[in-house]
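# Per-entry structural report
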Amino acid sequence: MTHTDSGSAGRIGAGAASPHGRSSWSGTDDRTPPVFGPGSQFHEFFNDPRWAMAMVRATVLEAAHPQIGAALIDNSTFVAHPWRRLRNTLVSLQRMFGADDHVRQREAARLNRLHARLGGTDARNRPYDAMDPDVRAWVVATLFESAVTMCRLSGQPLEQRAMERLYAEFQAFLAALGDEAGHLPPSLQEFWSYYDQVVEEELENTEAMRIILYKLFDHLPAPPLLNGLPTLWAAGRTVAGPVLGAITVASLPEPFRRRAGLPELPGAQTAMQGAYLAAGLARFLPGGWIKADSVIDLLALSPDSDDPRARTISALRDRMNRAGALIRLITPLPPEPVPGTADGGLQRSAEEFFAQVLDQSGNGYLDWPDLAAMARELAGRLDLDEPEETRLYDAFADWWRELQAALDADGDGRISAREYAAAVPSLAGPALIKVAEVLFDATDKDGNQTIDADEHRALFRTAFHRDTAGAEAAYTRSAFVRDFLSFMSGRRRSTPFDPLLAQA
Amino acid sequence: MDGNGRWAAQRSLPRTSGHRAAETAVIDVIEAARSAGVGWLSLYAFSTENWRRPHAEVDFLMHLVRRVVRKHAPLLHARGIRCRFLGVTDPRVPAALARDFADLMTLTCDNRGMTLTVAFDHGGRRDIVEAARSLIRGGVPAEAVDEECFAAHLPFPDTPDVDLVIRTSGEQRISNFMLWQVAYAEWVFPPVLWPDFRAPHFLECLHTYQQRDRRFGGVLPHQNGESRP
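Residues numbered from 1 in each chain as written. Chains lettered and ligands numbered in written order. Predicted model: local features only at pLDDT ≥ 70, side-chain atom pairs only at ≥ 80, totals over all residues. Heavy atoms only, no water.

### Quick word on the overall build of chain B
Tallying secondary structure elements over chain B gives seven helices and five strands in all. In chain B, the order of α-helices and β-strands from amino to carboxyl end is α-α-β-α-β-α-β-α-α-β-β-α. Residues classed as buried in chain B amount to 47% of the 229 residues present. Residue pairs at least 24 apart in sequence account for 73% of intrachain contacts in chain B once pairs closer than 6 positions are excluded. Put simply, chain B shows about 11,700 Å² of open surface, and 55% of that area lies on carbon and sulfur atoms. (Helix = DSSP H or I, 4+ residues; strand = E, 2+ residues; numbered from the N terminus. Buried < 20%, exposed > 50% of the residue type's maximum accessible area, 1.4 Å probe, protein only. Contact = heavy atoms within 4.5 Å. Areas by Shrake-Rupley, 256 points an atom, 1.4 Å probe, with all protein chains shown as cover.)

Below, the structure written as structure tokens:
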């Protein structure tokens, strides 16, 4: 990180006087627009459909940073569970840019704890650390620059003042995360030279970037809502995947495209600008039609969640399922029926379970980051604070040691799908039972030794099922542990854990 | 649906062509039943004992049924027929066929017209054993078990008692067909072989049934297991 060493002292000096001091976010002064919440520049963008493309672009630019790329490859679940990941990101952004200061501080603390757990070395043995302030500054920089570029590409460039306001908001975002000022340049003029410098000198053609551009879209699993229509989804994806990839490539900064050796497809520039322009036209739609969070929520809603919208959704899902059934029935038979593709069975094969549940990062191996991703998802849902969060991670870490000792036959430190399939029965050891118990304690917020309806909803986002509730409307420790173990080892479907850990 | 084999033998054809010829009869009878106002039609396609037939014939049947189901699925749905498959628990049922069955059930589950139950890999005794297992698993005390309660644990408990059983080709046996539900059924044994069975034969059987002096005829159909007046 040579560029910051050369100029950081000057930036810190200037940064102290810049408008992103902590006192200004609460918006006490009526004249200045608020930095966060309704009325801020960011808030205007949040439901903009162009954001979808801008976010993909920003993610690619982040992944092209060697440190972030390595962290993504090792830890992220975006390949195997992109929809869950997208939803979590949106919820987090909403909390960080919302009007409530308390929520923001809590979310910042949670993000910091989460990122503090991500660290390691990349394939070339270079260390990475998700808490590195320069790296975090780059993430914020890509978000800001993508927002500006999104406006430019769709033919509605931001005015200088609006751009400055937006920049101040993103600086405040970084400050809210607790980072010292000075890692982002204090003024917008200096920002552009910082940005160009990173693009030209630091970004690389990383594996994570290639995965996002060329693999993610082509293999994107259907969101839970469209699960019943795999054929339709796959057909749409074959067309849309490469187009999305090409559009994203075309919107990247030219110097980077050259250096990373990304292809220049004929017409991609025009298609990209057309896509941004078309998405930009959505601003003429009536207000409330497009809300990023509700769209994502809707897509991610699990089959039998009892969200208020559940009835409509389940009706919609039923229709989707029926449409899927009809499509499958009327598709001409393939020359040879594929054996073992029975859907909806109660058992799933070891390979399926490995891919859907255990291998959260989707790299074909079970490794600590996969279990950490499970712990992360569970902690996020339960909204855990310290020390419960650490207890949960520790329980998962113990389970990882147990798994490694039992399953890692070739001793390479990770578990392949084959090693797993060969030794499935030993999965339910004492450490896994401990995980179940710690999870029960964390879910049982009031400590009354049963999980009541609200606690159940916090973890599974659904109410009790009519058939499981039966006698009493509570979930006891033994029943919880039994279900968790049968999910993790017996590979039974249709437990409440299924949408929790298996869903895309 | 008996007589496919004999039908083929009379024409010096392989048994499989008898099965193939049965397709037309099946579709014709479904249509005839629907237009005659029959609410529940059950077809006995394959019994748990039929697995004893030669491997090649079973294999052929599985492929044939799959083809027939897929071919007629849109039509059945368009006619508002609710389709269900009774049985289909044996692991020997090909996974692809089981999925087509499940798809057809999903597709037509909300239809309000006639309910078509296809007994495939079905055995009446096995259903009764399953109900007993389900009662024991549910921890129902012995005193609480009566006919109604028992019937509620059979597969598709909403199926009413069978009123009329038509067995083609002159065979006069029950052959393990829906044993619980046929308790009060009337039986008709037309001599015609199944591949030749058509709508007029079906209506004739209905007519015979109407002539029968049924003790419980004329009142609303009794629910499965409900005590009789």
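### Focus on the environment of B:R212
Residues and elements named next belong to chain B. Among the structural elements, R212 can be located in the segment after helix 7 (199-211). On the basis of relative accessibility, which here comes to 30%, the residue R212 falls in the partly exposed class. The spacing of R212 and E186 is 26 residues in sequence and 8.1 Å in space, taken between C-alpha atoms. R212 has contacts with E186, W187 and V188, leaving out every residue within four places of it along the chain.

### Examining the packing of aromatic side chains
Following the criterion strictly, the structure yields 25 aromatic pairs over all chains and no others. Where A:W138 meets A:Y194, the ring centres are 6.4 Å apart and the plane angle is 70 degrees; that geometry is what we call edge-to-face. Remark: A:Y194 occurs in helix 9 (residues 188-201) and A:W138 occurs in helix 7 (residues 133-153); sequence separation between them is 56 residues. Here A:W138 matches A:Y194 in class, with each residue buried. Each ring, one from B:W194 and one from B:F197, has its centre 5.3 Å from the other, and the planes form 20 degrees; the classification is stacked. The buried category is assigned to B:W194, whose relative accessible area is 5%. The rings of A:F36, A:F42, A:F97, A:W138, A:F144, A:Y167, A:F170, A:F173, A:F191, A:W192, A:Y194 and A:Y195 are connected pair by pair, giving a single aromatic cluster. Across from the ring centre of A:Y365, 3.5 Å away, lies the NZ or CZ of A:R414, which sits over that ring. (Phe/Tyr/Trp six-rings, centres within 6.5 Å; stacked < 30°, edge-to-face > 60°. Lys NZ or Arg CZ within 6 Å of the ring centre and 35° of its normal.)

### Observations regarding the nonpolar core
In summary, soluble globular proteins display a tendency toward joint burial of nonpolar side chains. All names here are of chain A. Core analysis: the largest hydrophobic core is formed by 75 residues, its most contacted members being W138, F144, L166, F170, L184, F191 and F256. Ranked by residues supplied to this core, first place goes to helix 7 with twelve residues. Core analysis: the next-biggest nonpolar cluster, separate from the first, contains 47 residues, L403, L432, A479 and L485 among them. (Core = buried A, V, L, I, M, F, W, Y, C linked by side-chain atoms within 4.5 Å.)

### Focus: the interface of chain A and chain B
In this assembly, 15 residues from chain A lie in contact with 14 residues from chain B. Remark: the boundary between chain A and chain B carries two salt bridges. Between B:D110 and A:R322 there is a salt bridge, with its nearest N and O atoms 3.2 Å apart. Looking at the side of chain A that touches chain B residue by residue, the class counts come to eight nonpolar, four polar and three charged. (Salt bridge = Lys/Arg side-chain N within 4 Å of Asp/Glu carboxyl O. Nonpolar A, V, L, I, M, F, W, Y, C, P; charged D, E, K, R; others polar.)

### Some thoughts on the pattern of salt bridges
Residues and elements named next belong to chain A. Under the defined criterion, the tally for this structure stands at 32 salt bridges over all chains. Between R113 and E389 there is a salt bridge, with the nearest N and O atoms lying 2.9 Å from each other. Linking R113 in helix 6 (residues 101-116) with E389 in helix 18 (residues 388-407), this pair joins segments that are 276 residues apart in sequence. Here the two residues R113 and E389 agree in accessibility, since each one is buried. Residues joined by salt bridges that share partners form a network here, namely R95, E107 and R110.

### Describing the confidence of the model for chain A
All names here are of chain A. Per-residue pLDDT for chain A averages 75, and the proportion of residues at 70 or more is 77%. Least confident of the elements in chain A is helix 1 (residues 2-17), whose mean pLDDT is 38; most confident is helix 9, at 89. When the criterion is pLDDT under 50, residues 1-30 qualifies, and its contacts beyond four places in sequence or with other chains add up to 38 contacts. Confidence drops under pLDDT 50 across residues 466-472; counting only partners more than four residues distant or on other chains, this segment forms one contact. (pLDDT = per-residue confidence, 0-100.)

### A few points about the sheet that holds strand 1 (residues 40-47) of chain B
Residue and element names in this part refer to chain B. Taking strand neighbours across the sheet as the criterion, the three strands line up as 1-3-2 in an open arrangement whose pairing is parallel. Both outer strands of the open sheet, strand 1 and strand 2 (82-87), are each paired with one neighbouring strand and no more. Between one strand and the next, the sheet's axes are offset by a mean angle of 20 degrees, whatever the strand orientation. Its contacts with the sheet place helix 4 (residues 95-108) against strand 2 and strand 3 (115-122), and it is angled at close to 140 degrees to strand 2. Of the strands in this sheet, strand 2 and strand 3 are in contact with helix 5 (residues 124-137), which crosses strand 3 at around 95 degrees. (Pairing = 2+ DSSP bridges. Axes fitted to C-alpha atoms, helices over the stretch in contact; angles between N-to-C directions.)

### Overview of helix 10 (residues 207-219) of chain A
Residues and elements named next belong to chain A. Along helix 10, the sharpest kink reaches roughly 35 degrees, centred on L213. For helix 10, the full list of buried residues reads A208, M209, I211, I212, L213, L216 and F217. Buried-residue contacts for helix 10 involve helix 3 (50-63), helix 4 (66-75), helix 5 (82-97), helix 11 (230-251) and helix 12 (254-260). (Bend = angle between axes of the 7 residues up to and from the residue.)

### Let's talk about the pairing of strand 2 of chain B
Residue and element names in this part refer to chain B. Within strand 2, five of the six residues are buried, leaving the element largely enclosed by the surrounding structure. In terms of strand pairing, strand 2 meets strand 3 through six bridges, oriented parallel. If you follow C83 over to strand 3, its bridge partner there is L116. After leaving strand 2, the chain enters helix 4 and then returns to the sheet as strand 3, a path that is left-handed. (Right-handed = clockwise from strand over helix to strand, strands pointing away.)

### A look at the packing of helix 7 of chain A against helix 9 of chain A
Each packed pair of helices is defined by two parameters, the angle between the axes and the distance between the axes. Residues and elements named next belong to chain A. Relative to each other, helix 7 and helix 9 sit at 110 degrees, their axes nearing to 11 Å. Taken together, helix 7 and helix 9 sit at an angle that is classed as roughly perpendicular. Counted together, D134, A137, W138, A141, F144, E145 and V148 of helix 7 and L188, F191, W192, Y194, Y195, V198 and V199 of helix 9 form the full contact between these two elements. Partitioning the contact of helix 7 with helix 9 into residue classes produces twelve nonpolar, no polar and two charged. (Parallel < 35°, antiparallel > 145°, perpendicular 65-115°, else oblique.)

### Notes on the side chain of A:E389
Judged by its relative accessible area of 5%, A:E389 falls in the buried class. If we skip the residues at most four places from it in the chain, A:E389 touches A:R110, A:R113, A:R117, A:A379 and A:L384.

### Thoughts on the packing of helix 3 of chain A against helix 10 of chain A
Residue and element names in this part refer to chain A. Contact geometry of helix 3 with helix 10 gives a least axis separation of 7 Å together with a crossing angle of 140 degrees. In terms of their interaxial angle, helix 3 and helix 10 are classed as oblique. Between helix 3 and helix 10, the residues in contact are V56, T59, V60 and A63 and A208, M209, I212, L213 and F217, respectively.

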